[in-house]
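Chain by chain, the residues run as shown.
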Amino acid sequence: MTEIVSRYFPEFTARQHEQIDMMMQLYREWNAKINVISRRDIDNLYEHHVLHSLAIARFVSFRPGTRLLDFGTGGGFPGIPLAVAFPECHFRLIDGTGKKILVANEVAKALGLTNVEAVKMRGEDEKGKYHFVVSRAVMPLPDLHKIVKKNISAEQNNAIANGIICLKGGNIDEETRPFGQKVKKQDISLIYDEEWYKEKYVIYMPI
């Protein structure tokens, strides 16, 4: 079902579409060995994982040279789809589970992504500086902020200020309340028509 991605990202090049097309076979093969996506959900790879990750690309178009840290990447989401979308940006994917990092590395390699490095590491131990930290429902925003604020670079490179951009679902008022008006919430159902995106959001907080 790569048509769903083509519909929302018609500007992708032939190479980018080819990389998106390859994802299903790669994730099916790896998921049979190492469970990084729910076995019941693998058929929904494009709608629930790839397109979901790419909602961030509709929120902001990262400029060439932007450095991003995907915190708690699992099998490579949102980092790998975003790396396809932004080949001139650099993505560092970290996760505490080595098997998941193995999958992310192997998928990135098979896709020919030279702008991705995936490393087994706890967020607390990451010392690098990045324009943005991206994540997908890893932990509550206050906890994430506490860990990654040290990793946000002072050097600005984009139309929006450096900070955290994460994908969240459901009622998130409790975790955004400590930050008040600083947090911006983009309703993904305004970006995509699919019912699955109801009550799913891109959350942005400058640091």
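For the structure itself, consult the block above.
Because the structure is predicted, anything quoted here is derived from the model rather than measured.

Draft legend 1. Examining the packing of aromatic side chains more closely. Tallied over the full model, the rule gives 8 aromatic pairs. Between F9 and F12, the aromatic rings sit 5.0 Å apart at their centres with planes inclined by 25°, giving stacked as the arrangement. Accessibility classification places F9 together with F12 in one group, the buried group. Measuring from centroid to centroid gives 5.2 Å for F62 and F86, while their planes differ by 70°, and the two rings are edge-to-face. Highlighted residues: F62 in the loop between α3 (45-59) and β1 (67-71) and F86 in the loop between α4 (79-85) and β2 (90-95), separated in sequence by 24 residues. Since its relative accessible area comes to 4%, F62 is described here as buried. Connected via pairs of aromatic rings, a cluster forms that spans Y8, Y192, W196 and Y197. Lying over the aromatic face of W30, K33 brings its terminal NZ or CZ to 4.2 Å of the ring centre. Taking the ring centre of Y201 as reference, the NZ or CZ of K185 above it sits at 4.4 Å.

Draft legend 2. Geometry of helix α6 (residues 141-148). Among the residues making up α6, those that are buried are L141, L144, H145, I147 and V148. The arc that holds every buried residue of α6, seen down its axis, measures 165°, which confines them to one face. Buried residues along α6 sit in contact with β1, β4 (132-136), β5 (163-169), α7 (173-176) and β7 (200-206).

Draft legend 3. Just helix α5 (residues 98-110), in detail. The end-to-end C-alpha separation of α5 is 18 Å, in line with the 18 Å expected for 13 residues at 1.5 Å each. Residues of α5 that are buried include every one of I101, V103, A104, V107 and A108, and no others. Considered in projection along α5, the buried side chains sweep an arc of 155° and stay on one side of the axis. Projecting away from the buried face of α5 at angles above 90 degrees are the exposed residues K99 and K109.

Draft legend 4. Structural context of the nonpolar core. Within the largest apolar cluster, 55 residues are counted, with the highest numbers of intra-cluster contacts made by V5, M23, Y27, I80 and Y192. Here the element with the most residues in this core is α3; it accounts for 8 residues. For Y192, the contacting residues outside a window of four places in its chain are Y8, F9, L51, L54, A55 and Y197. Counting 18 residues, the second-largest nonpolar core is a separate cluster that includes F71, Y130, V133 and I152.

Draft legend 5. Just the sheet that holds β4, in detail. On the basis of which strands lie adjacent, the open sheet formed by 7 strands has the order β3-β2-β1-β4-β5-β7-β6 and mixed pairing. Of all strands in the sheet, those bounded by a partner on one side alone are β3 (116-120) and β6 (184-187). Between one strand and the next, the sheet's axes are offset by a mean angle of 20°, whatever the strand orientation. The pairing of β1 with β2 spans 5 bridges and is classified as parallel. Opposite F71, over in β2, you have I94 as the bridge partner. Sitting on the sheet, α6 touches β1, β4, β5 and β7, and the angle it makes with β5 is about 155°.

Draft legend 6. View of the side chain of Q16. Following the sequence through the fold, Q16 ends up in helix α2 (residues 14-33). Only 2.8 Å separates the side chain of Q16 from the backbone nitrogen of T13, close enough to count as a polar contact. With residues near it in sequence (within four places) discarded, Q16 still touches E11, V84, A85 and P87.

Each value, and the rule that gives it
- Residues numbered from 1 in each chain as written.
- Predicted model: local features only at pLDDT ≥ 70, side-chain atom pairs only at ≥ 80, totals over all residues.
- Heavy atoms only, no water.
- Phe/Tyr/Trp six-rings, centres within 6.5 Å; stacked < 30°, edge-to-face > 60°.
- Buried < 20%, exposed > 50% of the residue type's maximum accessible area, 1.4 Å probe, protein only.
- Helix = DSSP H or I, 4+ residues; strand = E, 2+ residues; numbered from the N terminus.
- Lys NZ or Arg CZ within 6 Å of the ring centre and 35° of its normal.
- Arc of directions from axis to C-beta.
- Contact = heavy atoms within 4.5 Å.
- Expected span 1.5 Å × (residues − 1).
- Core = buried A, V, L, I, M, F, W, Y, C linked by side-chain atoms within 4.5 Å.
- Pairing = 2+ DSSP bridges.
- Axes fitted to C-alpha atoms, helices over the stretch in contact; angles between N-to-C directions.
- Polar contact = N/O pair within 3.5 Å; in protein donor to acceptor, adjacent residues only side chain to side chain.

The quantities given are spatial measurements derived from coordinates; they are silent on function.
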